[in-house]
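Chain by chain, the residues run as shown.
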Amino acid sequence: MESRPNKLLVIFPSILRGGVEQYNLTAACGAVTQGWDVHGAFPNVDGTTSLIHDFVESGVTYHTLSIAEDKNWLPGIARHIPRFFRTLRLLMVLKPDVVQITLPALEYCFASILACGLLKIPTVVRFGLVLPLEIPVNRWRVKLYNWVRTRQQQWVVISQNNRRLLSNLFQIPESELTCIYNGASSDTCLPVSHTQKQISRQQILNELHLPDTTTLLITVGRLNFQKGHCDLISAIPHIIRDFPDVRFVWVGDGDLRETLESQLNEYQVTDKVLFLGYRSDVSRLLQAADLFVFPTHFEGGQSFAIAEAMASGLPIITSDASGIPEVIHHQAHGLVFRTGDSCDLLESVRWALAHPGEMKHMANNAYERAQEFTEEKMLQNYIEIWQTLCQQSHRSPQTLLPLLNTDRA
């Protein structure tokens, strides 16, 4: 009897498209190319319409799963009950061999993790953002998380900083948490000739109706408080005064756009910043830019935006938030300023614009370091974990859910 392919279910709670969502699409596509039967489950809302389209176009079967962390009238743990049963129902219908749950932040997907634990379905839980302020967590929640972790679950973190925080939070050994750094896409990692970069640059300048003398500073990230755009706004008038040809390009969508536009208007620099929204051609934009500015307040790891900027050979200015200093060393791979410090950010941008040769040298170092954080390596690490969990599951019978075993080949 011919064996069927392993079935992977990817779950996440997103209602907007950004780096985490692109990671899930990348992981799902990687599994498809390896011959897996891949399913994706996340909310079906306006902000995920393009994502659903791309999942389906990539050969992934999409399922609506309403697990966004909306507020409801239920108190405490009871508010997770609707999401728990929605996930449980989907799991019982699909009978996946392995599930991957991606948490943008710690408070997400609690119900889905519990549902997988109850059914003892092999599950990879990928923790994104973990903040020190989240310690301590309610005792009952710590106990539940540690219980589900024993039920064929492998927890994955995306930086050593992330690993330390999660270890302290749940009082578990760091060695039991697998660290897999984010990887830049294959297209970004490919060497690009000077001529190709010039062509991309001219195309982007024409598209944005900017003169050839423009110096482009690009920021990629969702438009919300986390990404630190507000810190950059107060620095823009000073930068423009010293370097009048500079223009800022912000790639990404989010609920803070109107606030940011209002602040830009107050500083009278509205015409110096271009909002491009979500773009599928980020690699082309990076090729066209002169500097990558990333003022984030916190990240789970080095972020996909940082990884892609490194792989593109673009000079980088970034905050020292979370796990970023593990990857970008100050004055070796770029300039690292103090998180939330607008003055330090301003001086970093000024120095970078005045020292293009030194910044180019750092960018070359970052490009070499980026080869340690490729999309291929990242995907291979996850595929190995999925396969191991599947094999362990096949060797050990699941006594809790006979329903899940009835259709197995």
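Scroll up a little and you will see the structure.
Here is what the cut-offs are and how they apply
- Residues numbered from 1 in each chain as written.
- Predicted model: local features only at pLDDT ≥ 70, side-chain atom pairs only at ≥ 80, totals over all residues.
- Heavy atoms only, no water.
- Buried < 20%, exposed > 50% of the residue type's maximum accessible area, 1.4 Å probe, protein only.
- Helix = DSSP H or I, 4+ residues; strand = E, 2+ residues; numbered from the N terminus.
- Pairing = 2+ DSSP bridges.
- Right-handed = clockwise from strand over helix to strand, strands pointing away.
- Phe/Tyr/Trp six-rings, centres within 6.5 Å; stacked < 30°, edge-to-face > 60°.
- Contact = heavy atoms within 4.5 Å.
- Polar contact = N/O pair within 3.5 Å; in protein donor to acceptor, adjacent residues only side chain to side chain.
- Expected span 1.5 Å × (residues − 1).
- Arc of directions from axis to C-beta.

Trainee: So what's going on with the pairing of strand 5 (residues 123-129)? Residues and values would help.
Mentor: Counting buried positions over the seven residues of strand 5 gives seven, a clear majority of the element. With six bridges joining them, strand 4 (residues 98-105) and strand 5 adopt parallel strand pairing. Across the sheet, residue Ala-105 finds its bridge partner in strand 5, namely Leu-129. Tracing the backbone out of strand 4, into helix 4 (residues 110-119) and back to the parallel element strand 5 gives a crossover that is right-handed. Note: strand 5 against strand 6 (residues 153-157), four bridges, orientation parallel. By the bridge assignment, Val-125 is partnered in strand 6 with Trp-155.

Trainee: Report on the packing of aromatic side chains, specifying residues and quantitative values.
Mentor: In the structure shown here, the tally under the stated rule is 18 aromatic pairs. Ring geometry for Trp-36 and Trp-386: centres 5.7 Å apart, planes at 65°, overall edge-to-face. Taken together, the positions of Trp-36 in the loop between helix 1 (19-33) and strand 2 (37-42) and Trp-386 in helix 16 (residues 375-395) put the pair 350 residues apart, joining distant regions of the chain. A relative accessible area of 9% places Trp-36 in the buried class. Centre to centre, the rings of Tyr-145 and Phe-170 are 5.0 Å apart; their planes meet at 70°, and the pair counts as edge-to-face. Within this pair, whereas Tyr-145 is found in helix 5 (residues 139-149), its partner Phe-170 is found in helix 6 (residues 160-170), the two being separated by 25 residues in sequence.

Trainee: Give me the environment of Ser-319: which residues, what numbers.
Mentor: Turning to its location among the elements, Ser-319 is positioned in strand 12 (residues 316-319). The exposure class of Ser-319 is buried, given its relative accessible area of 0%. Residues Ser-319 and Thr-339 lie 20 residues apart in sequence; the distance between their C-alpha atoms is 4.9 Å. Leaving out residues up to four positions away in the same chain, Ser-319 has contacts with Phe-294, Pro-295, Thr-296, Ile-324, Val-336, Phe-337 and Thr-339. Within polar-contact distance, the side chain of Ser-319 engages the backbone oxygen of Thr-296 at 2.6 Å.

Trainee: Which residues make up helix 3 (residues 81-94), and what values go with them?
Mentor: Counted at 1.5 Å a residue, the expected span for helix 3 with its 14 residues is 20 Å, and the 20 Å between its end C-alpha atoms agrees. Three or more residues of helix 3 are buried, namely Arg-83, Phe-84, Thr-87, Leu-88, Leu-90, Leu-91 and Leu-94. For helix 3, the angular spread of the buried residues around the axis is 165°, confining them to a single face. In helix 3, the exposed positions that point more than 90 degrees away from the buried face belong to Arg-89 and Val-93. Buried residues along helix 3 sit in contact with strand 1 (7-11), strand 2, strand 3 (61-64), strand 4 and helix 4. Of the residues one or two after helix 3, Lys-95 is the one with positive phi, at around 50°.

Trainee: Explain unusual backbone geometry to me, and be specific about the residues and the numbers.
Mentor: Although it is not a glycine, Gln-171 sits at a positive phi angle of roughly 55°. Within the secondary structure, Gln-171 sits in the loop between helix 6 and strand 7 (178-179). A positive phi angle, near 60°, is found at Gln-268, a position not held by glycine. The exposure class of Gln-268 is exposed, given its relative accessible area of 70%.

Trainee: Hey, could you go over helix 15 (residues 356-370) for me, with residue numbers and the actual values?
Mentor: If you check helix 15, its first and last C-alpha atoms are 20 Å apart, about what 15 residues at 1.5 Å a residue would give, namely 21 Å. Listed as buried for helix 15 are Met-359, Met-362, Ala-363, Ala-366, Arg-369 and Ala-370. Along the long axis of helix 15, the arc covered by the buried residues comes to 115°, so they all point the same way. Residues of helix 15 that are exposed and angled more than 90 degrees away from the buried face: His-361 and Glu-368. The secondary structure elements touched by the buried residues of helix 15 are strand 11 (291-294), helix 13 (304-312), strand 12, strand 13 (335-337) and helix 14 (342-354).

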